[in-house]
Amino acid sequence: MDDLDALARQQLDEARASAHGRSARLFLHDDRLRQTVIALVAGAALDEHNAPPAASLQVLRGRVRLTGAGGGQELMTGQVAMTPRERHGLLALEDSAVLLTAVTEIPAGARPAALAEVDRR
């Protein structure tokens, strides 16, 4: 079992030492489920990318902005949000570590109710 606090500290240290100001570690990979701790120094960003079928972002430390078509959403330590279904990015407003939980594939007919609701909007 991994210690998220220790992983967040480690990834932040690695991000601070990185020329790009970011670091990530995939620590849980079980079939379609993946959990990754991502750290970004203030001002560092993950460029726009496609969304997995289902994902959430929990801020372990710091403050970030999910960017995208709707203008974005600011999240701070302790907050959790579903990632946008469209292309989006992530900007660190201060040194931050986040937990990305993603499902890489959802079998037909097995879509969670929350995702089905998002699709209806």
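Preceding this paragraph is the structure being described.
Model, not experiment: these values are computed from the prediction.

J.: I'm lost on the sheet that holds strand β6 (residues 73–76) in this one. Help?
T.: Sheet strands pair via backbone hydrogen bonds, and the direction of the pair is either parallel or antiparallel. Taken together, four strands build an open sheet; the order of strands is β3-β8-β5-β6 and the sheet is antiparallel. A strand with exactly one partner marks an edge of an open sheet, and here the two such strands are β3 (45–49) and β6. Averaged over all adjacent pairs, the angle separating strand axes in this sheet is 20 degrees, with direction ignored. Of the strand pairs in this sheet, strand β5 (residues 63–68) and strand β8 (residues 88–92) are connected by five bridges, and their pairing is antiparallel. Residue pairing in the sheet places T67 in a bridge with G89 of β8.

J.: Would you mind going over the pattern of salt bridges with me for this structure?
T.: If charged atoms from side chains of opposite charge come close, those side chains can pair. Overall, the coordinates contain nine salt bridges when judged by the stated rule. The partner of R16 in a salt bridge is D95, with the nearest N and O atoms 3.1 Å apart. Taken as a pair, R16 in helix α1 (residues 4–17) and D95 in the loop between β8 and β9 (96–103) lie far apart in primary sequence, 79 residues in all. For R16, a relative accessible area of 47% corresponds to the partly exposed category.

Scoring rules and cut-offs
Residues numbered from 1 in each chain as written. Predicted model: local features only at pLDDT ≥ 70, side-chain atom pairs only at ≥ 80, totals over all residues. Heavy atoms only, no water. Pairing = 2+ DSSP bridges. Helix = DSSP H or I, 4+ residues; strand = E, 2+ residues; numbered from the N terminus. Axes fitted to C-alpha atoms, helices over the stretch in contact; angles between N-to-C directions. Salt bridge = Lys/Arg side-chain N within 4 Å of Asp/Glu carboxyl O. Buried < 20%, exposed > 50% of the residue type's maximum accessible area, 1.4 Å probe, protein only.

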